[in-house]
Amino acid sequence: MMLHEALAGKRLNQYRIIDFHVHYGKWGVMHMPSHSDAMIAKMELVGVEKLCANGITYPDMAEGNRAVAAFARKYPNQVVGIAGLYPMNGDMVEELKRCVFEYGFRGIKVHGQMIQFPYRGLDVREIGGQWERVYEFAAEHHLPILYHGVVTEDDICNFPQTTFVMAHGMCGLKGRSEKMRFASYPNHYVDTPVTQNTVLEALESVQIFGADRILWGTDAPLDDFAHRLGVILDLPISEEEKLKIFGGNARRLLGLE
Amino acid sequence: MTNSQTLHGLLFIDAACIIGPYANPESPPGYEGNVEGLVRKMGELGIAEACPSSITASFYNVDEGNRELLQAIAPYPQLHPAFLVAPNQTGEVPPTKEVLAQMPAMSLAKMLVDEVQFYTPLIDIELYGEVFDALAASRTPLLLDYTNFFHEHTFRLRELLKGWPQLPVLLKFPKLACEERVLYYLWEKYENLHVVMSGYQLLGGIEKAVARFGARAFVFGSNSPYFTPLQSMLHLIYCELSEDVKRLIAGDTVRRLLRKEVAA
């Protein structure tokens, strides 16, 4: 039983855990003792099989993507590259093509709060009108989009062939009615990393979205892998459902089977 | 010893948990809102002891909540109360010395700090001097529970640690942000600061701080029922720390503080 093995501190390799939400690099806002390559030793200690790493911690997204590509080349069995996109760094679809065809990335990350001083406060949607092209490319190449801001409910509705994963969504959608509204879009998923992760929100999300549309992620290096395991492991759901959340769903979306 | 305790081999004591009616419209799974539910969860995960505080004391009436808590935990020797304390200018709560007289020998004092919600909107050193004097004189550890980010309060925290060095302060916050850099300064300067694990979630952060400041930097506390205790338990179980250090963080430091023992 997974819970007992975790309580005994055993490596959980046989459960094929995938962390869908990992940042490569370092943000200045916080002290990050174990970032970048140091994350590999920490993931192995717990028995996480793969990290889906994005480089949005870099002010220059293209530089961040290059760094993630080098990270994935160095650890090909452990790291799945996720493309960071931002309209102020040039044509996003061109960058996406480089990420997919040259670097072998399997997903996209967009973040609405990456606007640097002195432009903070601008709506990232106002800066570039390229988002629709990104969504079409994502649908064509089966790239899930992990979004923190940027994506609107209209986007999710208007691009039903594109897979959208709301970052921190397990607790970012407040109340049953909002969760149920977003769960009504079959192309919409949520992931698990959050800052104020209450047990109530976690169970409610599983009940409304179902275990097939939740992806386990940690936000590492901001959060510890083992700490975030507890959120799902302690839920009163079946072991089979937990395994879908811990890696099965990510494997399906990323085409890793 | 329960099966779960056999698995992890640690005598956890949860220094930060709450019992009472849940403030949200629905209760979390397994949360029964009472002491029996807490004890059941402790047994399930292998938590040896806990120091619950009362939601009633936090949200409704300090004195009444503290008295109800004492009554509720009386049948359970593994539970030690965390009594809400507050300054008594208005007379709504007894002076802290009187509150201390009602508390069992092994108890925590708890102060909730929130800008609007509770009796103690912020730590005012002069105003709360009576509280800190009484706690320090009796060496009763203070669980200082910030319900939000505490970066605007760090200078007051510094004054508290500096002004009452014999008062052990267990610092709890919901989630760490840039304040961590302040914590490094405070750990360096003040031996009486112990950070509750639940809000300190940085990857590799505990190992790094322990390497510099020793095991006393952290104590186990779950922030349940908002978090599951399993989060901080697994965080510690998988930490790259010696078993001796894990034992101290899991419970031995808090046990020593509850017994009013001074560190060797």
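Residues numbered from 1 in each chain as written. Chains lettered and ligands numbered in written order. Predicted model: local features only at pLDDT ≥ 70, side-chain atom pairs only at ≥ 80, totals over all residues.

This paragraph deals with the pairing of strand β1 (residues 12-19) of chain B. Residues and elements named next belong to chain B. Counting buried positions along β1 yields 8 of 8 residues, so the element is predominantly enclosed. Pairing of β1 with strand β2 (residues 47-54) involves 6 bridges; the strand directions are parallel. Across the sheet, the residue bridging to Phe12 is Ile47, located in β2. (Buried ≥ 20, exposed ≤ 12 C-beta atoms within 10 Å, placed from the backbone. Helix = DSSP H or I, 4+ residues; strand = E, 2+ residues; numbered from the N terminus. Pairing = 2+ DSSP bridges.)

Residue and element names in this part refer to chain B. With parallel pairing, 6 strands are arranged side by side in an open sheet as β3-β4-β5-β6-β7-β8. Looking at the sheet topology across the chains shown, the edges are occupied by β3 (82-84) and β8 (218-219). Two strands pair when backbone bridges link them, and β3 and strand β4 (residues 108-113) are joined in this way by 3 bridges, in the parallel orientation. Opposite Leu84, over in β4, you have Lys110 as the bridge partner.

All names here are of chain A. Burial within strand β3 (residues 79-85) is extensive, with 7 of its 7 residues counted as buried. Of the pairings in the sheet, the one linking strand β2 (residues 48-54) to β3 comprises 4 bridges and is parallel in character. Bridge pairing links Cys52 to Val80 in β3. In this structure, β3 lies alongside strand β4 (residues 107-111), joined through 4 bridges in parallel fashion. Paired with Ile82 across the two strands is Gly107, which belongs to β4.

The next thing to look at is the environment of Leu143 of chain A. All names here are of chain A. When you line up the elements, Leu143 lands in the loop between α6 (131-140) and β5 (145-148). Note on Leu143: 25 C-beta atoms within 10 Å, which makes it buried. For the pair formed by Leu143 and Phe164, sequence separation is 21 residues and the distance between their alpha carbons is 9.2 Å.

This brings us to the confidence of the model for chain B. Scored by pLDDT, chain B has a mean of 89; 90% of the residues are at 70 or more. This prediction of the complex comes with two scores: 0.95 for pTM and 0.95 for ipTM. (pLDDT = per-residue confidence, 0-100.)

Residues and elements named next belong to chain A. Read from one edge of the open sheet, 8 strands run β1-β2-β3-β4-β5-β6-β7-β8, paired in parallel fashion. In this open sheet, the two strands that pair with only one neighbour each are β1 (17-23) and β8 (214-215). Together, β3 and β4 form the strand contacts of helix α4 (residues 92-102), whose direction differs from that of β3 by roughly 170°. (Contact = placed C-beta atoms within 7 Å. Axes fitted to C-alpha atoms, helices over the stretch in contact; angles between N-to-C directions.)

At a minimum axis distance of 7 Å, the contact between helix α11 (residues 225-233) of chain A and helix α10 (residues 229-237) of chain B shows a crossing angle of 140°. The interaxial crossing formed by α11 of chain A with α10 of chain B has right-handed handedness. Facing Ala226, His227, Leu229, Gly230, Val231 and Leu233 of chain A of α11 of chain A, the residues of α10 of chain B in contact are Leu230, Gln231, Ser232, Met233, Leu234, His235 and Ile237 of chain B. Residues of the contact of α11 of chain A with α10 of chain B, tallied by class, amount to 8 nonpolar, 5 polar and no charged. (Left-handed = near helix turned anticlockwise from the far one by under 90°. Nonpolar A, V, L, I, M, F, W, Y, C, P; charged D, E, K, R; others polar.)

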